[in-house]
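Residue strings, one per chain:
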Amino acid sequence: METLQEGAFDPEWFLFSFEAVGIKKRFICSAWKWNQTRKQTQCDLLNEDSGQLPTTCSHFASYSLIWTCHVNMTQQMQNLNLSQMKKSGSGPSSPNAAKRLYRNLSEKLKGSHASFDEAYFRARSDRLSLRKTSVNFQCNEAMFEAVEQQDLDAVQIVLYQYTPEELDLNTPNSEGLTPLDIAILTNNVPIAKILLRIGAKESPHFVTTESRLTHLSTLVQEAQQRVNELSAQVMSEGLGMDSAEKEKQLKAWEWRYRLYKRMKAGYEHARAPEAPTNVCLVVTSSTSLTVTFQEPLSVNSAVVTKYKVEWSCSEDFSPLAGEIIMDNLQSLRCIITGLRTGQRYYVQVSAYNMKGWGLSQATTPASASPSNWKDYDGRDPRHRGHTEALEHLLQQVRASHQHYSCREGSKLQNAGRKQSVSRSLKHLFHSSNKFVKTLKRGLYLAVIFYYKDNLLVTNEDQIPIVEIDDSHTSSIMHDFLWFTKLSCMWDDIRWLRQNMSISVSSSTALQARQKMLSAAAQLQNLLGTHNLGRVYYEPIKDRHGNILIVTIREVETLYSFFNGKWMQISKLQSQRKSLSTPEEPTALDILLITIQDTLSYHRRSQQRLPPGLYLGYLKLCSSVDQIKVLVLQKLPNILCHVKIRDNSNVSKDEWEWIQTFSGSESVESMDHASDCPTQLFFYELQMAVKALLKQINLPLHQAKHFRLYTQEVLELGHNVSFLLLLPASDDVCTAPGQNNPYTPHSGFLNLPLQMFELGIVACFTSKY
């Protein structure tokens, strides 16, 4: 840059400096005025019928809907607004729309039979549409100015103030350009990418690259001609009001002339994009492939605005089997569906910018065949049809019990009528359903409803508890595990009680379960809700002989329940601590002491894994009355696991390779299989095995005794799949008294197998 002589004045340098210093101040002022315009519009809508302006909105009345802040606006926008004011005055921003509204209203009042009220309200909706159009025009103009000024902060302010629909980003302006066109032509990559992320598109007027260049040349010529005309007028008129106005217009057109020249130069120096990078092809199902890629290296090339994915059955892509144009660039990922199972497809990707399409890049691997592990031997999953069969069986049981219940109920109908009056009168004075205040030796059912840090308590500030039985056997695990299944069918408690009392009332073995159903029904009646939540994975016991079964439910808000109120957890704990004896805490004291851990378990047990393929470790341990499975405390509804990859599908080739590790083959031999045809899958699985062994505190040399489960891939739902890593056959389930030399680190939990199954059902089954 040449140094100016002392005292010399450069008007071009002064204009750019002035605009650079004041641009952020202009847009802060503009954003504030747009907000006030919105408030004014809302106030007018609220007082449309009365025709009066409320006092709370009166201080906004002085601001016009036309953007006329002459101090803070750039020169070219002043010129545009001055011409707009001369055309429209103080009326609506769209004169044609105003004429259309007047014509429609006149026809309704003169030529139609509709009432005046109907015509008035229709005209009111038209006025609201006009106001919306006016506001949209302002924010659209503000977006154009921000992009032309290349001010990223101003663009973000406008996007924060208005939605993409209000901005109307894809409608070209009077020059035939969209904001994205201007950002790309001025090579402003940050602004262009922001606009692309919110769905902005290029102008549809430019079909070919030649038409775009011709249009830019025309804009430059017209702007230069306008500058020459205004310069001549300023020189001829001399001093005066009209001369000052002409000088403002001249400066605005000089700035626009430089903008168009910069846009034309940017277009002439740009070239077509290079090929996309890191193009990968994966098999995602038996009828689909997925392509992922990254942006091309942008050296002297404009911003990429779309991509093209092509696929063919031949290596030379002749003929094409199909193509997809991607103009939504929020995710550089394309799923090709509707493919033929087992057919090999070749895929390539190319990028597009304003100079046209670039070179295509083949995927890695170059081809793939849509398939699934089930295609390996053509067998159906072993659980296929089980759900339908169980549902049919349940319907049969319900139908038979309903028929039997109706027949038995008719016999007792007359006897029940004689006592109905006396029972209803007694119910007014006596309540047979009571919450338990103090635990004695017995079996109890407690319910925990929570919302954030609040618990539902009774009117006596106690956790809702009812008694199941005042005497119980030393081991109730079988009955407890049966009761946990009720969390899937709380609505059927009444039906279960009726049928169990009819069919097994004389069975001593099921009397405890009948009492559990009665206690659950009692809690439902007291709280006024059927859903009692999920059963905690183990009962709470104390040294006094009390056993507490706990159900947990998280509510969406602080609902009002019968016979209950909400209380802070800390307050409830402090009240209970002052009444209890810490030397011999009861089961209720233990529950309150560990309430945060209990709620944390409930929250974690409802978390679902993100989609992907996982490697899980199956380890069981048995006791006298149950089998437990090793899980993570932070995710107790799933096996100990590590993620292999984001793609949950296992292809036929990958499953065929896994079969080679069955029988005498071990996981340790994977280190010698680097020449396998599915090298990427081999590497991912190898890294997952090492990470999983480290997680469960097993040395790597123990892998020689481990094996992969080769009967099936566990597909849990929601695009989550599992491969299982199994210990040696004798070590899958540890018997009582058997020592395990390699104990896991802290952070693990042995969960009853039935509770583990319920956790999977709750998270991955939509009908739960």
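In what follows, the structure referred to is the one given above.
In this text the structure is predicted, and so the values were computed from the model without any measurement.

### Remarks on the overall build of the protein
- When helices and strands are counted, the protein shows 21 helices and 24 strands.
- The proportion of buried residues among the 768 residues of the protein is 43%.
- For the protein, long-range pairs separated by at least 24 residues make up 73% of all intrachain contacts whose partners lie at least 6 apart in sequence.

### Quick word on the packing of helix α13 (residues 477-484) against helix α15 (residues 511-527)
- Relative orientation of the contacting elements α13 and α15 amounts to 40°, with a least axis distance of 10 Å. What the angle tells us is that α13 and α15 run oblique. The handedness of the crossing between α13 and α15 comes out as right-handed. For the pair α13 and α15, contact is made by His478, Asp479, Phe480, Trp482 and Phe483 and by Ala512, Arg513, Met516, Leu517 and Ala520, respectively.
- Of the residues belonging to the contact of α13 with α15, the class tally is 7 nonpolar, 1 polar and 2 charged.

### Concerning the environment of Ser518
- Structurally, Ser518 is set in helix α15.
- With a relative accessible area of 26%, Ser518 lands in the partly exposed category.
- Along the primary structure Ser518 and Arg494 are separated by 24 residues, whereas in three dimensions their C-alpha atoms are 8.8 Å apart.

### Overview of the pairing of strand β10 (residues 454-457)
- With burial as the criterion, each face of β10 is covered, one bearing Asn454 and Leu456 and the other bearing Leu455 and Val457.
- Two successive antiparallel strands, strand β9 (residues 443-451) and β10, enclose a turn made up of 2 residues, where Lys452 displays a positive phi of approximately 55°.
- Pairing analysis gives 4 bridges linking β10 to strand β15 (residues 565-568), with the strands arranged antiparallel. Bridging across to β15, Asn454 finds its partner in Gln568.

### Quick word on unusual backbone geometry
- Following Ser318, the chain continues to Pro319 via a peptide bond in cis, the omega torsion being 0°.
- Among the structural elements, Pro319 can be located in the loop between β3 (306-312) and β4 (322-326).
- Positive phi outside glycine occurs at Gln150, with the angle close to 55°.
- Mapped onto the secondary structure, Gln150 falls in the loop between α4 (116-148) and α5 (152-161).
- A positive phi angle, near 55°, is found at Asn563, a position not held by glycine.

### Details of the packing of aromatic side chains
- Throughout the structure, instances matching the rule amount to 14 aromatic pairs.
- Their ring planes at 55° and their centres at 5.2 Å tell us that Phe449 and Phe561 sit as a pair that is tilted. Here the residue Phe449 occupies a position in strand β9, and Phe561 occupies one in the loop between β14 (547-554) and β15, the gap between them amounting to 112 residues.
- Exposure remark for Phe449: the relative accessible area of 1% places this residue in the buried category.
- Pairwise contacts between aromatic rings join Phe449, Tyr559, Phe561 and Trp566 into one cluster.
- Taking NZ or CZ as reference, Lys306 lies 4.6 Å from the ring centre of Tyr352, over its face.

### Topic: the pairing of strand β16 (residues 612-617)
- Extensive coverage of β16 is indicated by the burial of 6 of its 6 residues.
- Burial of the side chains of β16 extends over both faces: Gly612, Tyr614 and Gly616 are buried on one face and Leu613, Leu615 and Tyr617 on the other.
- Across 6 bridges, the pairing between β16 and strand β22 (residues 720-726) is parallel. Across the sheet, the residue bridging to Leu615 is Leu723, located in β22.
- Where β16 meets strand β19 (residues 635-645), 5 bridges bridge the pair, whose relative direction is antiparallel. Among the inter-strand pairings, Leu615 is bridged to a residue of β19, identified as Val642.

### Remarks on the nonpolar core
- Formed by 62 residues in total, the largest nonpolar core has its most connected members in Val291 and Val309.
- Not counting chain neighbours up to four residues away, the residues in contact with Val309 comprise Val291, Phe293, Gly322, Glu323, Ile324, Met326, Cys334, Ile336, Val347, Gln348 and Val349.
- Judged by nonpolar contacts, the second largest core, of 47 residues, contains Leu591, Ile595, Val629 and Met755.

### Digging into helix α20 (residues 679-695)
- The end-to-end C-alpha distance of α20, which contains 17 residues, comes to 24 Å, matching closely the 24 Å that a straight helix rising 1.5 Å per residue would cover.
- Among the residues making up α20, those that are buried are Phe681, Phe682, Glu684, Leu685, Gln686, Ala688, Val689, Leu692 and Leu693.
- Contact partners of the buried residues in α20: β16, β19, α19 (652-659), β20 (707-708) and β22.
- Count one or two residues on from α20 and you reach Asn697, which has phi positive near 65°.

What counts and how
- Residues numbered from 1 in each chain as written.
- Predicted model: local features only at pLDDT ≥ 70, side-chain atom pairs only at ≥ 80, totals over all residues.
- Heavy atoms only, no water.
- Helix = DSSP H or I, 4+ residues; strand = E, 2+ residues; numbered from the N terminus.
- Buried < 20%, exposed > 50% of the residue type's maximum accessible area, 1.4 Å probe, protein only.
- Contact = heavy atoms within 4.5 Å.
- Axes fitted to C-alpha atoms, helices over the stretch in contact; angles between N-to-C directions.
- Parallel < 35°, antiparallel > 145°, perpendicular 65-115°, else oblique.
- Left-handed = near helix turned anticlockwise from the far one by under 90°.
- Nonpolar A, V, L, I, M, F, W, Y, C, P; charged D, E, K, R; others polar.
- Pairing = 2+ DSSP bridges.
- Phe/Tyr/Trp six-rings, centres within 6.5 Å; stacked < 30°, edge-to-face > 60°.
- Lys NZ or Arg CZ within 6 Å of the ring centre and 35° of its normal.
- Core = buried A, V, L, I, M, F, W, Y, C linked by side-chain atoms within 4.5 Å.
- Expected span 1.5 Å × (residues − 1).

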